Amino acid sequence: MSKHKALTGAIAALASVATLGALAAPALAADTTYSPNGKPVAELAKHGGAQRIATIGNKNAKNVVLFLGDGMGDSEITVARDYLKGANGHFDGLDAVGQPSALGDVQAGTGQYTTFSVGNGSKDSAVGKDGDGKLVANPNPGKLTPVTDSSASGSSWGTGTKTYNNAVDVDIYGNPQLNLFELAKAAGKATGNVTTAEIQDATPAVLESHSTERGCYGPQGKTDGSSNDALKRCLANQLKENGGIGSISEQLLDTRADVTIGGGSKYFRQTVQGGEYAGKTVWEQAKEMGYQTVENDPAAMNALEYKEGQPVLALMSDGNMPTKFNPSKATAQDPAKDANPTVCTMNDKWLGNQGSSLADMTKKALDLLEANPASDANGYFLQVEGASIDKQDHAGNACGQIGETDDFDQAIAYAMKNVDLTNTLVIVTADHAHTSQILNAQPAYALSTVLKTADGNNMVVSYGTAEADSRDEDGGYNGGDMAHTGTQLRIAASGPGAQRVIGLTDQTDNFYTIANTLGLASTSDDQKSLSNDAKTEVKLTDGKYVAESTGFNGDAVLSYELKDKSGNVLAASDSSTPVSGVRVKTAQTTSIALDKVAEGNEYTLTVTGRQSGKTVTVDFQAPARDSSDEKPGDGKNDVIASGKVSNNPKSGVLGNTGAAITIAALAIAMLAAIAMIVKTAKISR
């Protein structure tokens, strides 16, 4: 072993220890650099730390509908309005929400919110990875980042916690943060998720999963199942075959929203790699879990009806849904464009032609939710995303983004006419600003499109944020590399509590507006208390032992440990990272196979909620097989023993910080690091 390699290994080991320390005591490890008038990253990265209106109260509503235009900054709204309606025109949806005069005496408000993140990618987190999926942790996670991506942005309003770009509902230390769907399900509410993107994409993903990498679409990564790039897309520790909580698609099924409509059907053709469904496709898993499934069939989507215990999973395209308008191409300055302005044309492949526009999908979701007894009793939360405003903005495609904004507007307009605004809060906003700008003339140093607007005038739309020159041989651009911008965004609301969006807020404030309006647990302490009544039953069914936990609604991940009578650990969950362990099925039963149990022996099972710190201990003896039986038990879910949460967690339990590493593990890692340094010193003599 060379001196260089030894030193490198020792440094890496110490870095790992530093990371473990960050997980155990995050506030000590984060960047504490202050901006002139702001909080340090260590404070901003805490749950609720970036709120601007934390002391403002909420009014209550039974339902909330959040409309999210991805990449829909003020410029994108204006571009679409000017083209489709004229400069003095009016959108039926976008311009009605938040406008007092549009809705009589219904409460309304319009404001702006900030969108910064606290890390420019996984490299700024404690759970970064290399190209082989291995953990590469930053020992000093967190960095103020003015321009967000969609996953960090969505995590902000989905959980109330600022995080790094690329993260899905985990903080900068990798700790899962409870999201609005989990909290709504814990409160008995119905939930719906609608998007024109792949359902695994960032915005829909923040309501269905926790992932250190936004590209961890399925058990085989981001493929159609014919190959496997999971280690390129996912932190290896998160994969189920490695003892993790699973990919975004797998967690979507565990979350079990009542209505899920979007794209990305090809990713469900992947084969599950670990757990009880290993060897089956994700589609097959969904069907076995009782979902009503629709694959790429608008007619079948429209025919869906509410069925008790059978949530809807309708994925309408292999990838992102086709856009409403055919693409236009931004090109370099050319006087000919002024003389021949572009007129956008309809796309024959748009699913709206087959009854699956975003408005159609919103209608179906609302119909299904309103038919759900949970909505009648407790209300619902629905998120609707117009996803490809962003995607076409990236591509310098003016017509594409305009058509998607129009599709989004019509979905909002439908909802405004068909929900009760006396008990439903409707919020319309975006996740980040984008590149398109309206100019007076074609720019010399950027690409542009000249459009003929509804009022007969030319409008120049400029695209100038690509980080590299990616123009094609014709000097045009549809490359997808135009970058986001960091400008604050419009947020508008109508219905109970709409005034909470007025003024300057932050995306994390939107979480609190929605959660508190619906009466959900929004603070860390209130969320932990959701697991106060958790219990675990050890059962014997068809000769197999299983632990079934319920009530861990304040947790996203469980740990477990099975010991024999002598205290030997026979089986335990992986606790190497915060996304290792057993994914909680909120408001459902979370099962753990106990394969190491043998008849007649005595055991102790401990199940711990990783977020709440609540622990259930079950002491039991596996029944001895009767000589006349083929199997112990009668195959009817025999309950052998059960236990309830103690509500008196021991000092240092994981839930106090949400970290996944115990002090013992820290000590072992430190000893290993010291041993490596000693060995290095000997070799270098």
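Cut-off values and rules
- Residues numbered from 1 in each chain as written.
- Predicted model: local features only at pLDDT ≥ 70, side-chain atom pairs only at ≥ 80, totals over all residues.
- Heavy atoms only, no water.
- Helix = DSSP H or I, 4+ residues; strand = E, 2+ residues; numbered from the N terminus.
- Buried < 20%, exposed > 50% of the residue type's maximum accessible area, 1.4 Å probe, protein only.
- Contact = heavy atoms within 4.5 Å.
- Areas by Shrake-Rupley, 256 points an atom, 1.4 Å probe, with all protein chains shown as cover.
- Salt bridge = Lys/Arg side-chain N within 4 Å of Asp/Glu carboxyl O.
- Pairing = 2+ DSSP bridges.
- Axes fitted to C-alpha atoms, helices over the stretch in contact; angles between N-to-C directions.
- Disulfide = S-S within 2.5 Å.
- Phe/Tyr/Trp six-rings, centres within 6.5 Å; stacked < 30°, edge-to-face > 60°.
- Lys NZ or Arg CZ within 6 Å of the ring centre and 35° of its normal.
- Left-handed = near helix turned anticlockwise from the far one by under 90°.
- Nonpolar A, V, L, I, M, F, W, Y, C, P; charged D, E, K, R; others polar.

Caption draft 1: Layout of the overall build of the chain. Each helix and strand in the chain was counted, giving 19 helices and 24 strands. Every one of the 685 residues in the chain was classed for burial, and the buried ones make up 57%. A fraction of 73% describes how many contacts in the chain between residues 6 or more apart in sequence connect residues 24 or more apart. Of the roughly 26000 Å² of accessible surface on the chain, 48% is carried by carbon and sulfur atoms.

Caption draft 2: Spotlight on the pattern of salt bridges. Under the definition given, this model contains 18 salt bridges. The salt bridge involving K162 is made with D506; its shortest N-O contact spans 3.1 Å. Pair noted here: K162 is in the loop between α5 (150–159) and α6 (180–186) and D506 is in strand β15 (residues 503–506), with a separation of 344 residues, a long-range link. Judged on exposure class, the residue K162 and its partner D506 are both buried. A salt bridge links D229 to R233; the shortest N-O distance between them is 3.1 Å.

Caption draft 3: Highlighting the sheet that holds strand β24 (residues 638–644). Sheet architecture is open: 4 strands sit in the order β21-β17-β16-β24, paired in antiparallel fashion. What marks the edges here is a single partner per strand, and that holds for β21 (590–593) and β24. The mean angle between the axes of side-by-side strands here comes to 20°, regardless of whether they run parallel or antiparallel. The pairing of strand β16 (residues 535–541) with strand β17 (residues 544–550) spans 7 bridges and is classified as antiparallel.

Caption draft 4: Seen up close, the sheet that holds β15. Taken in spatial order, the 10 strands line up as β5-β6-β4-β3-β8-β1-β9-β14-β2-β15 in an open sheet, and their pairing is mixed. Looking at strand neighbours, the two that pair on one side only are β5 (292–295) and β15, the edges of this open sheet. When strand polarity is set aside, the average angle formed by the axes of neighbouring strands in this sheet is 15°. By the bridge criterion, 4 bridges tie strand β4 (residues 259–263) to strand β6 (residues 312–315) in an arrangement that is parallel. The residue of β6 that forms the bridge with T260 is L313. Along the sheet, helix α16 (residues 398–418) makes contact with β1 (63–69), β3 (190–198), β8 (380–386), β9 (424–430) and β14 (489–494), crossing β1 at roughly 165°.

Caption draft 5: Representation of the state of the cysteines in the model. Within this structure, the stated rule accounts for 2 disulfides. Residue C216 pairs covalently with C234 via a disulfide, S to S 2.1 Å. Of note, the bridge from C216 to C234 carries an S-S torsion of about 95° and is right-handed in sense. You can see C216 sitting in the loop between α7 (202–205) and α8 (230–233) and its partner C234 sitting in the loop between α8 and α9 (248–255), a full 18 residues away along the chain. On the accessibility criterion, C216 (1% relative accessible area) is buried. The disulfide bridge from C344 ends at C399, spanning 2.0 Å between sulfur atoms. In this structure the cystine formed by C344 and C399 twists about its S-S bond by roughly -85°; its chirality is therefore left-handed. Taken together, the residues C344 in the loop between α12 (335–339) and α13 (358–370) and C399 in helix α16 connect sequence positions 55 residues apart. Assigned by exposure class, C344 and C399 land together as buried.

Caption draft 6: Structural view of the environment of L382. As for its position among the elements, L382 is in strand β8. Once the C-alpha coordinates of L382 and N193 are considered, the two residues, 189 residues apart in sequence, prove to be 5.9 Å apart.

Caption draft 7: Seen up close, the packing of aromatic side chains. This model, assessed by the stated rule, comprises 6 aromatic pairs. Judged by centre distance (5.9 Å) and plane angle (85°), the ring pair of F181 and F381 falls under edge-to-face. With F181 in helix α6 and F381 in strand β8, this residue pair connects regions lying 200 residues apart in the sequence. F381 sits in the buried class, given a relative accessible area of 0%. With 4.9 Å between their ring centres and 85° between their planes, Y217 and Y267 make a pair best called edge-to-face. Of this pair, Y217 sits in the loop between α7 and α8 while Y267 sits in the loop between β4 and α10 (282–288), and the two are 50 residues apart along the sequence. A single burial state applies to Y217 and to Y267, both of which are buried. Stacked on the ring of F116, the Lys or Arg K162 has its end atom at 3.9 Å from the ring centre. Over the face of the ring belonging to Y291 we find R256, whose NZ or CZ atom lies 5.2 Å from the ring centre.

Caption draft 8: Examining the pairing of strand β12 (residues 458–463) more closely. Most of β12 sits out of view: 5 of its 6 residues are buried. The pairing of strand β10 (residues 437–439) with β12 spans 3 bridges and is classified as antiparallel. Each residue of the ladder has a partner; that of I438, found in β12, is V461. Here strand β11 (residues 447–452) runs beside β12; their pairing, made up of 6 bridges, is antiparallel. Counterpart to L447 in the pairing with β12 is Y463. Once β11 ends, the chain turns through 5 residues before running back antiparallel as β12, passing G456 with a positive phi of about 85°.

Caption draft 9: Main features of the packing of α13 against α16. Put simply, α13 and α16 touch, their axes get as near as 7 Å, and they point 30° apart. The interaxial crossing formed by α13 with α16 has right-handed handedness. Residues L358, A359, T362, K363, L366, D367 and E370 of α13 touch α16, and the partners they reach there are D407, F408, Q410, A411, Y414, A415 and N418. In terms of residue class, the contact of α13 with α16 is made up of 7 nonpolar, 3 polar and 4 charged.

Caption draft 10: Up close: the pairing of β1. By the criterion of burial, β1 is predominantly enclosed, with 7 of the 7 residues buried. Neither face of β1 is exposed, since N63, V65, F67 and G69 on one face and V64, L66 and L68 on the opposite face are all buried. By the bridge criterion, 7 bridges tie β1 to β9 in an arrangement that is parallel. Bridged to G69 within β9 is A430. Pairing analysis gives 6 bridges linking β1 to β8, with the strands arranged parallel. For F67, the partnering residue across the bridge sits in β8 and is V384.

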